[in-house]
Amino acid sequence: MTENAIEKMDKWEKTAEHSVGGFLWLGFSRQQTNKLICISSEYTSVMDCDTGEIKECDADYDEEKYIAVCDCFPTEVIDIYGQYGGYPVLETPQGESISIQTQEELYAGKIVKRYKIQVSTPDSVVELYNNYGYYVCSFSVCGNYFVLADDAGITVRKRKYKNS
């Protein structure tokens, strides 16, 4: 994520950056909207998006239905998304939206994809990402949290002044 860009979004602050080996899927809880499940080939964890605290958990997931269940959310089915599918939340109730553009480029004799991610707010459009190795980004259902997963790991932002 472009560090300068997030500074232009004065209503958002960095909560956590977490390296994830073998990233597969992530998804926000609908019941505990500040919680984010991250599924990798190594383990499954839940992140508290307010504190950045990470807790391992046991989970099962369905890659065709894009859902997961885990012991941290015993009464909930979590919608998951990643680079292979799913339906991330691209608009907030507060009026922000995510736009993702893909451009194929020739690099060292191979065609690679470069991703440009912009977040539109009622006041501006900010470019957050312009690079390779992008997996997925999403807002939480409540619109108070934002996550981006790429080759470097997961970056989480939260709204400075949450709206319920």
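Here the structure is shown first, and the text comes after it.
Residues numbered from 1 in each chain as written. Predicted model: local features only at pLDDT ≥ 70, side-chain atom pairs only at ≥ 80, totals over all residues. Heavy atoms only, no water.

Caption draft 1: The arrangement of the sheet that holds strand β9 (residues 97-107) in detail. Taken together, three strands build an open sheet; the order of strands is β9-β10-β11 and the sheet is antiparallel. Bordering the open sheet on either side are β9 and β11 (125-131), each of which pairs with just one other strand. If you compare each strand with its neighbour and ignore which way they point, the axes differ by 20 degrees on average. Where strand β10 (residues 110-120) meets β11, six bridges bridge the pair, whose relative direction is antiparallel. Considered in β11, the bridge of Ser-120 is made with Val-125. (Pairing = 2+ DSSP bridges. Helix = DSSP H or I, 4+ residues; strand = E, 2+ residues; numbered from the N terminus. Axes fitted to C-alpha atoms, helices over the stretch in contact; angles between N-to-C directions.)

Caption draft 2: Spotlight on the environment of Ile-117. Structurally, Ile-117 is set in strand β10. Between the C-alpha atoms of Ile-117 and Gln-31, which are 86 residues apart in sequence, the distance is 28 Å. Excluding its chain neighbours within four sequence positions, the residues that come into contact with Ile-117 are Ile-98, Ser-99, Ile-100, Val-126, Glu-127, Leu-128, Tyr-129, Tyr-134, Cys-137 and Leu-148. (Contact = heavy atoms within 4.5 Å.)

Caption draft 3: Structural detail: the pattern of salt bridges. Counting across every chain of the model gives five salt bridges. One salt bridge in this structure joins Asp-50 and Lys-158, with 3.8 Å as the shortest N-O distance. Residue Asp-50 is found in the loop between β4 (44-48) and β5 (54-57), and its partner Lys-158 is found in strand β14 (residues 153-159); the two are separated by 108 residues along the sequence. (Salt bridge = Lys/Arg side-chain N within 4 Å of Asp/Glu carboxyl O.)

Caption draft 4: Layout of the nonpolar core. Within the largest apolar cluster, 18 residues are counted, with the highest numbers of intra-cluster contacts made by Phe-23, Leu-26, Leu-36 and Ile-154. Counting residues per element, the ones that place at least two in this core are β2 (23-28), β3 (35-40), β12 (134-139), β13 (145-150) and β14. Residue contacts for Ile-154: discarding those within four places in its chain leaves Ala-16, Glu-17, His-18, Val-20, Phe-23, Leu-26, Leu-36, Cys-38, Val-147, Leu-148 and Ala-149. Residues Trp-12, Tyr-115, Phe-139 and Leu-148 belong to the second largest nonpolar core, which totals 13 residues. (Core = buried A, V, L, I, M, F, W, Y, C linked by side-chain atoms within 4.5 Å. Buried < 20%, exposed > 50% of the residue type's maximum accessible area, 1.4 Å probe, protein only.)

Caption draft 5: Main features of the state of the cysteines. According to the stated counting rule, one finds zero disulfides in the structure shown. No disulfide involves Cys-142; its sulfur sits 9.2 Å from the nearest other cysteine sulfur, which is in Cys-49. Overall, Cys-142 belongs to the buried group, its relative accessible area being 18%. (Disulfide = S-S within 2.5 Å.)

Caption draft 6: Representation of the pairing of β5. Bridge analysis of β4 against β5 gives four bridges, and the strand direction is antiparallel. Residue pairing in the sheet places Val-46 in a bridge with Lys-55 of β5. Hairpin remark: β4 followed by β5, antiparallel, with five residues in the connecting loop; positive phi at Gly-52, about 85 degrees.

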